[in-house]
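Observations on chain architecture
In case you want the letters, here they are:
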Amino acid sequence: MNQHQLSDNIAKLTCRVSRAAQKNQRAPEAVSILAVSKTRPAEDIRTAAELGLTQFGENYLQEALDKITQLQDLDLCWHFIGPIQSNKTRAIAEHFHWVHSVDRLKIARRLSEQRPLSLDPLQICLQVNISGEPSKSGVSLEALPELAAAVASLPNLQLRGLMAIPAASDDPQVQRRAFRALREAMSELSLPGLDTLSMGMSGDLEAAIAEGASIVRVGTDIFGPRG
Ligand SMILES: *Cc1c(COP(=O)(O)O)cnc(C)c1O
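The notes below deal with the structure included here. Owing to the predicted nature of the structure, the values given are computational and were not obtained by experimental measurement.

What about helix 7 (residues 172-188)?
Here helix 7 spans 24 Å end to end across 17 residues, near enough to the 24 Å set by a 1.5 Å rise per residue. On its buried face, helix 7 sits against helix 6 (144-152), strand 6 (157-163), strand 7 (196-198) and helix 8 (205-210). A side-chain oxygen of the first residue of helix 7 lies 2.8 Å from the backbone nitrogen of Gln 173; this N-cap is Asp 171.

Put into structure tokens, the structure is as follows:
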């Protein structure tokens, strides 16, 4: 994607985020943009970084590691947002700053054990299956409190909050209901230091911001449609 198009997309997105925040009496700085760069070449990420983006989200480990290596001259913050198999935890613990897709204790334990002590704690969001779809990743709302308490006690992780990918809907009321459920689930966890709701993507970020999103994860509306 050329620089002009990318610059245009980022400007429009920043505007959408600010407007959604202000409409809900929230400070625009309270919502950060995570640029979801899965399937995009490292050069597009470099251009986005030149245009001021610093947070990038990746779903596929090997592809992500290649890009992290190619871009190591830049000061970027990398978020892992895809499904995690146990044999991938070491590389994730070594190369990422954040993981949004932790949904079971076994994975959290491995990430904590494998986090190099020379690095800050790995920042964690628990992925919640908020729409209760049987085929989707994420811990159930019922199992969340126990998982959250266990993850919060692991030494090399810092539990920051929750993430969800609700069932797609064009109806803003339906979108908001799912995001509200995630916000309420977080407020019911009696744990200190929870400050992050990772929710909202290109198609529903206004609804997510209205319900308190602190990180919106945006791919298509930054980099264009994925091939
Ligand atoms: C791909 C992806 C996104 C970005 O989706 P867009 O609709 O392209 O903005 C956000 N979150 C997760 C977990 C993803 O896998």
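Regarding the nonpolar core
Core analysis: the largest hydrophobic core is formed by 66 residues, its most contacted members being Leu 111, Ile 124, Leu 126, Leu 162 and Ile 222. The greatest single-element share of this core, amounting to six residues, is contributed by helix 1 (residues 3-23). Look past the residues within four positions of Leu 126 in its chain and what remains in contact with it is His 100, Val 102, Leu 144, Leu 147, Ala 148, Val 151, Leu 159, Gly 161, Leu 162 and Met 163. Judged by nonpolar contacts, the second largest core, of eight residues, contains Cys 77, Ile 81, Cys 125 and Met 163.

A short note on the pairing of strand 6
Taken across its seven residues, strand 6 has six buried, putting it largely inside the fold. Looking at chain direction, strand 5 (residues 122-127) and strand 6 are connected through six bridges and run parallel. Each residue of the ladder has a partner; that of Ile 124, found in strand 6, is Leu 159. In terms of strand pairing, strand 6 meets strand 7 through three bridges, oriented parallel. Its bridge partner lying in strand 7, Gly 161 is registered against Thr 196. For the crossover that starts at strand 6, traverses helix 7 and ends in the parallel strand 7, the hand is right-handed.

Digging into the pattern of salt bridges
Applying the stated rule across the entire model yields 13 salt bridges. Glu 58 serves as the salt-bridge partner of Lys 67, at 2.9 Å between the closest nitrogen and oxygen. By relative accessible area, which is 4% here, Lys 67 ends up buried. The salt bridge involving Arg 160 is made with Asp 195; its shortest N-O contact spans 2.9 Å. Remark: Asp 195 occurs in the loop between helix 7 and strand 7 and Arg 160 occurs in strand 6; sequence separation between them is 35 residues. Note on Asp 195: relative accessible area 45%, which makes it partly exposed. Three or more residues joined by partner-sharing salt bridges are found here, namely Arg 176, Arg 180, Arg 183 and Glu 211.

Some remarks on the side chain of Ser 86
Assignment of secondary structure puts Ser 86 in the loop between strand 3 (77-80) and helix 4 (89-95). Residue class for Ser 86 comes out buried when judged on its relative accessible area of 15%. For Ser 86, the residues in contact, after removing those within four places along its chain, are Arg 104, Lys 106, Ile 107 and Arg 110.

Examining helix 1
Helix length check: helix 1 (21 residues) gives 30 Å between terminal C-alpha atoms against 30 Å at 1.5 Å per residue, within 8%. Those residues of helix 1 that fall on the buried side of the exposure criterion are Leu 6, Asn 9, Ile 10, Leu 13, Val 17, Ala 20 and Ala 21. Down the axis of helix 1, the buried side of the element spans an arc of 100 degrees, and every buried residue falls inside it. Turned more than 90 degrees from where helix 1 packs its buried face, His 4, Lys 12, Arg 19, Gln 22 and Lys 23 sit exposed. Packing partners of the buried residues in helix 1 comprise strand 1 (32-36), helix 2 (42-50), helix 8, strand 8 (215-218) and helix 9 (220-223).

A closer look at the site of the ligand
Taken together, Val 36, Lys 38, Asn 59, Ile 81, Ile 165, Met 201, Ser 202, Arg 217, Val 218, Gly 219, Thr 220 and Arg 226 make up the full set of residues near the ligand. At 2.7 Å from an oxygen atom of the ligand is found a side-chain nitrogen or oxygen belonging to Asn 59. At a separation of 2.8 Å, an oxygen atom of the ligand approaches a polar side-chain atom of Arg 226. A class-by-class count of the residues in the shell around the ligand yields five nonpolar, four polar and three charged.

Describing unusual backbone geometry
The phi angle at Gln 25 is positive, at roughly 55 degrees, despite the residue not being glycine. Of note in the backbone geometry, Thr 39 takes a positive phi value of approximately 70 degrees without being a glycine. Tracing the backbone shows Thr 39 in the loop between strand 1 and helix 2.

Description of the packing of aromatic side chains
For any pair of aromatic rings, geometry is given as the distance between the ring centres together with the angle between the planes. One pass over the structure, following the stated rule, counts two aromatic pairs. On the basis of an interplanar angle of 85 degrees and a centroid distance of 5.3 Å, the ring pair of Phe 80 and Phe 96 is categorised as edge-to-face. Here Phe 80 is found in strand 3, whereas its partner Phe 96 is found in the loop between helix 4 and strand 4 (98-102), with 16 residues between them in sequence. Of the two residues examined, Phe 80 and Phe 96, each falls in the buried class.

Calculation rules
- Residues numbered from 1 in each chain as written.
- Predicted model: local features only at pLDDT ≥ 70, side-chain atom pairs only at ≥ 80, totals over all residues.
- Heavy atoms only, no water.
- Helix = DSSP H or I, 4+ residues; strand = E, 2+ residues; numbered from the N terminus.
- Expected span 1.5 Å × (residues − 1).
- Contact = heavy atoms within 4.5 Å.
- Polar contact = N/O pair within 3.5 Å; in protein donor to acceptor, adjacent residues only side chain to side chain.
- Core = buried A, V, L, I, M, F, W, Y, C linked by side-chain atoms within 4.5 Å.
- Buried < 20%, exposed > 50% of the residue type's maximum accessible area, 1.4 Å probe, protein only.
- Pairing = 2+ DSSP bridges.
- Right-handed = clockwise from strand over helix to strand, strands pointing away.
- Salt bridge = Lys/Arg side-chain N within 4 Å of Asp/Glu carboxyl O.
- Arc of directions from axis to C-beta.
- Near = heavy atom within 4 Å.
- Nonpolar A, V, L, I, M, F, W, Y, C, P; charged D, E, K, R; others polar.
- Phe/Tyr/Trp six-rings, centres within 6.5 Å; stacked < 30°, edge-to-face > 60°.

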